[in-house]
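Examination of the molecular architecture
Take a look at the letters that make up each chain.
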Amino acid sequence: MKPEQVKTRIQELRKVLQKHNYDYYVGHSSSISDFGYDQLYIELQTLESKFPEFDDENSPSRRVGSDLNREFESHPHRYPMLSLGNTYNKEELAEFDQRVRKLVGEEVSYFCELKYDGVAVALTYRNGELFRALTRGDGNRGDDVTHNIRTIRSIPLKLSGSSYPPEFEIRGEVILPAEGFKKMNLEREERDETPFANPRNAASGTLKMQNSSLVAQRPLDCLFYYIPGEQLLFQTQSESLEKARNWGFRVPEYNRLTNSLEKVFEFIDQWESNREQLPFDIDGVVIKVDSIPMQQQLGFTAKTPRWAISYKFRAEQAVSRLLSIDFQVGRTGAVTPVANLEAVQLAGTTVKRASLHNADQIGMLDIRTGDHVYVEKGGEIIPKIVGVDHGRREPESEPFRFITTCPECGTPLVREEDEAAHYCPNDTGCPPQIKGRIEHFISRKAMEINAAEATIDLLYRKGMVRDVADLYSLETESIRNLERFGEKSATNLIESIELSRLVPFPRVLYALGIRYVGETVARKLAEAYLSMENLMEASQEALEQVDEIGERIAQSVRFYFHDERNLQLVARLKSAGLQFEMEAPGETVSDLLTGKSFVISGVFKHHSREELKSIIEQHGGKNSSSISSQTDYILAGANMGPSKYNKAQKLGVPIITEANFIEMLSQ
Ligand code: IVH
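Worth saying up front: this structure is predicted, and the values here are computed from it rather than measured. (Residues numbered from 1 in each chain as written. Predicted model: local features only at pLDDT ≥ 70, side-chain atom pairs only at ≥ 80, totals over all residues. Heavy atoms only, no water.)

1. Structural notes on the site of the ligand
Taken together, 14 residues sit near the ligand, with Glu113, Leu114, Glu173, Tyr225 and Lys288 positioned nearest. At 3.0 Å from a nitrogen atom of the ligand is found a main-chain nitrogen or oxygen belonging to Leu114. Between Tyr116 and the ligand, the recorded distance is 3.0 Å, taken from a backbone N or O atom to a nitrogen atom. For the shell around the ligand, the secondary structure elements donating two or more residues are strand S3 (110-116), strand S8 (221-226) and strand S10 (282-289). Per-element tally for the shell around the ligand: the top contributor is S3, with 4 residues. For the shell around the ligand, the per-class residue count stands at 9 nonpolar, no polar and 5 charged. (Near = heavy atom within 4 Å. Polar contact = N/O pair within 3.5 Å; in protein donor to acceptor, adjacent residues only side chain to side chain. Helix = DSSP H or I, 4+ residues; strand = E, 2+ residues; numbered from the N terminus. Nonpolar A, V, L, I, M, F, W, Y, C, P; charged D, E, K, R; others polar.)

2. What about the nonpolar core?
Ranked by size, the top nonpolar core spans 56 residues in total, and within it Phe441, Leu471, Tyr472 and Leu509 carry the most contacts. Sorting the residues of this core by element identifies helix H12 (431-442), helix H13 (453-461), helix H15 (487-499), helix H16 (505-511), helix H17 (519-529), helix H18 (532-537), helix H20 (551-562) and helix H21 (564-575) as the ones contributing at least two each. Not counting residues within four places of it along the chain, the set of residues in contact with Tyr472 comprises Phe441, Met447, Ile449, Ile497, Ser500, Arg501, Leu573, Ala576 and Leu578. In this structure, Leu130, Ile149, Met184 and Ala203 belong to the second largest nonpolar core, which totals 36 residues. (Core = buried A, V, L, I, M, F, W, Y, C linked by side-chain atoms within 4.5 Å. Buried < 20%, exposed > 50% of the residue type's maximum accessible area, 1.4 Å probe, protein only. Contact = heavy atoms within 4.5 Å.)

3. A word on the packing of H12 against H13
Close contact between H12 and H13 brings their axes to 10 Å; oriented N to C, the two are set at 130°. Taken together, H12 and H13 sit at an angle that is classed as oblique. Remark: the crossing between H12 and H13 carries right-handed chirality. Counted together, Pro431, Ile434, Lys435, Ile438, Glu439 and Ile442 of H12 and Glu453, Ile456, Asp457 and Tyr460 of H13 form the full contact between these two elements. Split into classes, the residues belonging to the contact of H12 with H13 amount to 6 nonpolar, no polar and 4 charged. (Axes fitted to C-alpha atoms, helices over the stretch in contact; angles between N-to-C directions. Parallel < 35°, antiparallel > 145°, perpendicular 65-115°, else oblique. Left-handed = near helix turned anticlockwise from the far one by under 90°.)

4. A closer look at the sheet that holds S3
Taken together, the 5 strands give an open sheet; going across it, the order is S2-S11-S10-S3-S9, and neighbouring strands pair in mixed fashion. The open sheet terminates on both sides in strands that have one partner only, identified here as strand S2 (86-87) and strand S9 (256-258). For S10 and strand S11 (residues 308-312), the ladder comprises 5 bridges, and the chain directions are antiparallel. Directly across from Lys288, in S11, lies its bridge partner Ala308. Contacts from helix H3 (residues 90-104) reach S2, S3, S10 and S11 within the one sheet, and its direction differs from that of S11 by about 170°. Against the sheet, helix H8 (residues 237-247) touches S3, S9 and S10, its axis set at about 55° to S3. (Pairing = 2+ DSSP bridges.)

5. A short note on the pattern of salt bridges
Side chains that differ in sign of charge can pair as their charged atoms come close. The final tally for this structure, using the stated rule, is 34 salt bridges. A salt bridge links Glu129 to Lys158; the shortest N-O distance between them is 2.6 Å. Within this pair, whereas Glu129 is found in strand S5 (residues 129-135), its partner Lys158 is found in the loop between helix H4 (146-149) and strand S7 (167-175), the two being separated by 29 residues in sequence. Taking relative accessible area as the criterion, Glu129 reaches 37% and is therefore assigned partly exposed. (Salt bridge = Lys/Arg side-chain N within 4 Å of Asp/Glu carboxyl O.)

6. A look at unusual backbone geometry
Trans peptide bonds make up most of the peptide bonds, and negative phi angles are found at most residues other than glycine. In this model, Glu448 sits at a positive phi of 50°, which is unusual for a non-glycine residue. In this fold, Glu448 is placed in the loop between H12 and H13. Here Glu448 falls in the partly exposed class, since its relative accessible area comes to 22%. Of note, Leu530 is a non-glycine position whose phi angle comes to about 65°, a positive value.

7. Observations concerning the side chain of Asp144
By secondary structure assignment, the location of Asp144 is in the loop between strand S6 (141-143) and H4. Classification of Asp144 as buried rests on a relative accessible area of 15%. Within polar-contact distance, the side chain of Asp144 engages the side chain of His75 at 3.4 Å. Apart from residues lying up to four places away in sequence, Asp144 is in contact with Phe72, Glu73, Ser74, His75, Arg132, Ala133 and Leu134.

8. Some words on the sheet that holds strand S4 (residues 119-126)
The strand order across the open sheet formed by 4 strands is S5-S4-S7-S8, and the pairing between neighbours is antiparallel. Taken across any chain shown, the strands that pair with only one partner, and hence form the sheet edges, are S5 and S8. Adjacent strand axes in the sheet meet at a mean angle of 35°, parallel and antiparallel pairs treated alike. Summarising the sheet, S7 and S8 pair through 5 bridges and their orientation is antiparallel. Its bridge partner being in S8, Gly172 is matched across the sheet by Phe224.

9. A short note on helix H9 (residues 261-274)
End to end, H9 covers 20 Å across 14 residues, agreeing with the expected 20 Å (1.5 Å per residue, within 8%). If you check which residues of H9 are buried, you get Leu261, Val264, Phe265, Phe267, Ile268 and Trp271. One face of H9 carries all of its buried residues, which in axial projection span an arc of 155°. Looking at H9, the residues exposed on the side facing more than 90 degrees away from the buried face are Glu262 and Ser273. Where H9 is buried, its residues touch H3, S3, S9, S10 and S11. (Expected span 1.5 Å × (residues − 1). Arc of directions from axis to C-beta.)

10. Section: the packing of aromatic side chains
This model, assessed by the stated rule, comprises 22 aromatic pairs. Centre to centre, the rings of Tyr254 and Trp271 are 5.3 Å apart; their planes meet at 80°, and the pair counts as edge-to-face. In this pair, Tyr254 is assigned in the loop between H8 and S9 and Trp271 in helix H9, connecting sequence segments 17 residues apart. Here Tyr254 falls in the partly exposed class, since its relative accessible area comes to 28%. Within the aromatic cluster, the residues linked to one another by ring pairs are Tyr125, Tyr164, Phe168, Phe224, Phe234, Trp247 and Phe249. The aromatic ring of Tyr460 is capped on one face by Arg466, whose charged end is 4.3 Å from the ring centroid. (Phe/Tyr/Trp six-rings, centres within 6.5 Å; stacked < 30°, edge-to-face > 60°. Lys NZ or Arg CZ within 6 Å of the ring centre and 35° of its normal.)

11. Considerations on the environment of Ser310
Mapped onto the secondary structure, Ser310 falls in strand S11. Take Ser310: its relative accessible area is 1%, and that puts it in the buried class. Each C-alpha atom, one on Ser310 and one on Asp283, is 9.5 Å from the other, the two residues being 27 residues apart in sequence.

12. Describing the pairing of S5
Bridging between S4 and S5 involves 6 bridges; their strand directions are antiparallel. Residue Ala122 lies in a different strand from S5, and its bridge partner there is Leu134. Remark: 2 residues form the turn of the hairpin made by S4 and S5, two consecutive strands paired antiparallel; Asn127 in that turn has positive phi of roughly 45°.

Shown next, in the form of C-alpha cells:
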C-alpha cells in the first residue's frame, strides 16, 4: 500500500472503531461482532506500528473505550482498568505461553477461568464494608454506580470472616443470568417495550439507570475474578479467589489450575462446546499466570497485563436476505450504511439489522438488495455482514448504488479523494450534524455541560438551541415546563451552562469543533496565540510556525475563521462571556509559590499537566518529577501512581487536589 492509502485506511479504521467504542460503552449496544471489531483493531495496530508517522495520541488503539456517562459522578481508579490481550487461535496462545516461560522460567502454572460476558466493575471495600463501585469508564476514571451495585443481592455489603485487608479493591463482571434475562424480556414485550438485544446489553443498561429501585427489580448478579494491588496479599490467583469466596464474593467454580498447555486447550474446548449449558453468557476463557510474584515480574504493557490473555470463542454465523440499506448521518456529516435483513435467529437473538461500513465495503463484497448474505456475531449483538452467497443471487439483481443525496436534508453528498466515507456538506442545515456539534461542544473534555443526548435533541426540536451559542440564552423559566424537565433538572442545566463560562480558553477552542483541532492542537494554538482574537487574525504561514501545527491544520483553522457564519457564532460566544484569553505560560503573575517545590501526578479535571506546570512557574514555584524530602506538595489528580502515593505518605509530603491548588492561588 502507498503511504497515502495507508493513511486513509488508518483514518477510516479509527473512525469506525471510535464509533463502535461509543456504541459499546456509552450506547449499551454494538453494531459489530467481537471478532469483526478485533480484526479492525488489529489491522489498525499493525498499520500504526509500521507507519509511526501517522501516529495520533487520540487513536482508539490508545484507549480501552469509555462508558463514562454525564449523569453519573466519576472517580479515578486506584489502578487503571485495563483490558486483556485476546486471541482467537491456539497458536497465538502457544506464543503467549512461550513468552511467559521465557520471562519467568518453565515452572509456570496457569489458572483458567471463564470470560464472563457482562460489564466490568471495580468495588472498593473499607473495613469490610462496600465503600464504592465504579464502572470501567475510560480505564482511568469510572462512573460511580455504588447505589445500583448495592441492589445486587449476591454482592456482600459486609464481608464475612476477618482476614480481609482494611482497604482493597475487587473486580468482577456484572451479568444478567440467562433465566432472568428471558423473564425480563418477556415482561418487556408484554408491556410493548423493546426487548434487550442480549444479557450483556441488559446488564450494562441496567447498571446505568438513575433509579436504583428499578435496578433492584432486575435480576443482576456479579461474578468476581481479580483483586488488584501491588502488595502481596496472596501468593496465587487461585488463592486470591478462594479468599474472596470466603469473604462472601460469588466466584464461580468452573476454574482449572494446570501447568500444561494441553490442559489449557482442553479447558477451552470443553467450554466452547458446553457454553450453552452455563446459567450465564461467556464469550471465551481467560488464562492467567497463577503465581502473583510471577505476575508482578511480567507486569503490564500500556493496555494489557502480560500475565493473562483471553481466548475468545468464534462468532456464530447465519444466512439471511438483504432487504434494503438505510443510511445514517453522523455529526461530522459522514454517512454510514446500515443493512435491513430478513429476521434470522443468530446465537439466541433475532437479527434484523447489520452494519456496513461504507461504499467501499459494499463494493468490495458486491452486496446487492435481495442477496443471501452471511451474518456473523461474536458475543455481541448488532452483527456484521461478512460475505455474500453469490451462487444464490437472482439473475436480474443489479449492483447497489450508493445514495447521492443526504437522507436527512437532501443535499448532494461529497466524497473527498482520500476519504472512505461520503459526507453531507450541509453542516449548518443538516439536523444530525448540528446536534452532533452541540454534543461535542458540551462534552466532558470541552465545555463540560451536563445534558444528555435526548435533552439536546429536545431543545433542538423545540427550536430553542440551534447552535452552541443558543445554549447561553436558555433560561430556567423557558425550559422547566418542557417534557424532560422539572424544576431541579432545569436549574441544574442552567447552572452547568453558567459554570462552563469558566472553562479555560484552550478547551473553549477545542469545543468549537474545528476540523483537525483536537484537544492537544487546541492547547498548542491557545498557548501560541493566547487569545481568540489573535488566533483569528493569524495567517496560514504564521500558524504553520507553531509547534506541531502543519499545513492541514493551519488550513482548517483559516477555513473556519474565514466563514462568516463561524465568525458570527464566535462573536456571540464572546458576548456570552466565555474565556477567550489566557495568561502566557511562563510569564510571572505572582510570587505566591516562591520557594515551593511541586510534583504533579495523575490526570486533572480542569487543566492539563502542562497547564498546571506553567501555572506553578507563573507564580514562582518549581516543578520536579520525583518526590523527595525537598518536595513541598504533591498535586494529585485522578489515577495518581500508587508508588508516588506511598512515597508521599512515607515522607509526609502533603497531597493536594486541583481544587486545593486553585484555592491556594486565590489567596
Ligand atoms: S481478568 C488485569 N478475568 O474481560 C486484567 N477479566 O477483556 C483483569 N472479564 O475487563 C481482567 N471474565 O471485564 C478477567 N475471568 C475473568 C474475566 C474478565 C470477564 C472481562 C473483564 C475485563 C475484560 C477484558
